[in-house]
Amino acid sequence: MIELDSNAASTETGIGRIQRVALRRVWSHEAHDFTTWLETNIDVLAEATGLKLDGVERERSAGAFSVDLIAEDEDGRAVVIENQLEKSDHDHLGKLLTYLVAMQARRAVWIVADPRPEHVGAIAWLNESSSADFFLLKLEAIRIGDSEPAPLLTQIVGPSEETREVGRKKKEWAEKERVRHRFFEGLLGHAKSRTQLHANISPSKNNWAGARSGIAGVGFNYVVLQHGARVELYIDTGGGDENQRIFGALARERNGIESTFGGALEWDTKEGRRACRIAKSYESGGYRDEDKWEAVYEELADAMAKLESAVKPHLRGLH
């Protein structure tokens, strides 16, 4: 008799309820029972994944290991299938990846009884980051009333165009961060010859690199865009009123500050937002214009040195 995980449900309404059956009561041995059953019932897996599977083989050698099942998709490409009638673990994830490479497959299916959250995340990441398709399926055995037990395969994670797009965007963003880091490495090194303001600042992967002014929440920033850049005094003390007080005090000295700087500055109260800035923007190049970086470095370092000289004397009385 099959042992159930829950008591039989009442059918007073004439509608039965799904009852879960212990997997080991249906397939007592993973390799001898479940894998053998799935080999002859591959259509169940095809329905759960949306793949068209054919030519299924069991225990195909992959180096020192053997793949539980290997099949072909509609394009004749290998699909490796790893079964685990237990909670997912690192060992089986490692085997899945090993089999994928050894068999030169483009798709991998991992069937488990209980998918751990970290493995759900790992499979999702693989779909975003690799050229292969990965499926993670949860296996349950169910019955209704006195029916024979039946498999229930639920796709937990699978590939999709949205997932691939997320992966592409992440790669683009990572490349953007690498380029910005290289930009700031060069800029901060160059700027030391003009001012020591950012001498102890590490290169940033963000689009800005800042140094303290001596007042909490007020900093001297380099900001780089794709095809432009600026230097700025950025004011964000955490309180809108205090930001406006500092900005207002400096604005009253605008003529003197701009005279010392040697030109007009952008006085941005960022209306409707908390922070304020005093800046000078340039359009001679940004982090996408690597052939112009040396000229941009010179322009920004010169501007930062002048902004520091123009503003710092007026900050001393604002503590």
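Details of the overall build of the protein
Across its full length, the protein carries nine helices and 12 strands. Taking 319 residues into account, the globule formula puts the C-alpha radius of gyration at 20 Å, and the protein, at 31 Å, lies well above it. In terms of its C-alpha atoms, the protein occupies a principal-axis envelope of roughly 90 × 50 × 30 Å. For the protein, the proportion of its 319 residues judged to be buried stands at 43%. Intrachain contacts of the protein at a sequence separation of at least 6 include 56% that bridge at least 24 residues. Summed over its atoms, the accessible surface of the protein is roughly 16800 Å², and 47% of this surface lies on carbon and sulfur atoms. Averaging the positions of the 42 positive and the 52 negative side-chain charges in the protein gives two centres separated by 8 Å.

Focus: the pairing of strand 10 (residues 229-235)
Taking burial as the measure, the seven residues of strand 10 include six buried ones, the bulk of the element. Sheet analysis places strand 9 (residues 218-224) next to strand 10, joined by seven bridges and oriented antiparallel. The partner of Tyr222 across the bridge, within strand 10, is Val231. Hairpin connection between strand 9 and strand 10: a loop of four residues separates the two successive antiparallel strands.

Examining the pattern of salt bridges
Evaluation of the coordinates by the stated rule reveals 21 salt bridges. The shortest N-O distance in the salt bridge between Arg58 and Glu39 comes to 2.8 Å. Residue Arg58 is located in strand 2 (residues 54-62), and its partner Glu39 is located in helix 2 (residues 30-40); the two are separated by 19 residues in the primary sequence. Residue Lys306 pairs with Asp302 through a salt bridge whose shortest N-O separation is 3.6 Å. Taken together, the residues span about one helical turn, with Lys306 and Asp302 both in helix 9 (residues 293-315) at a distance of four residues. One salt-bridge network, held together by shared partners, links Asp73, Asp75, Arg77, Arg107 and Asp133.

Quick word on the pairing of strand 6 (residues 133-144)
Burial of strand 6 is extensive: 10 of the 12 residues sit out of reach of the surface. The pairing of strand 1 (residues 18-21) with strand 6 spans four bridges and is classified as antiparallel. Directly across from Val21, in strand 6, lies its bridge partner Ala141. The pairing of strand 5 (residues 107-114) with strand 6 spans six bridges and is parallel. Residue Val112 lies in a different strand from strand 6, and its bridge partner there is Lys138. Taken together, strand 5, helix 5 (residues 117-129) and strand 6 constitute a β-α-β crossover, and its handedness is right-handed. Note that strand 6 and strand 7 (residues 150-157) share seven bridges and pair antiparallel.

Analysis parameters
Residues numbered from 1 in each chain as written. Predicted model: local features only at pLDDT ≥ 70, side-chain atom pairs only at ≥ 80, totals over all residues. Heavy atoms only, no water. Helix = DSSP H or I, 4+ residues; strand = E, 2+ residues; numbered from the N terminus. Rg over C-alpha atoms; globule rule 2.2 N^0.38 Å. Buried < 20%, exposed > 50% of the residue type's maximum accessible area, 1.4 Å probe, protein only. Contact = heavy atoms within 4.5 Å. Areas by Shrake-Rupley, 256 points an atom, 1.4 Å probe, with all protein chains shown as cover. Lys, Arg positive; Asp, Glu negative; His and termini not counted. Charge placed at Lys NZ, Arg CZ, Asp CG, Glu CD. Pairing = 2+ DSSP bridges. Salt bridge = Lys/Arg side-chain N within 4 Å of Asp/Glu carboxyl O. Right-handed = clockwise from strand over helix to strand, strands pointing away.

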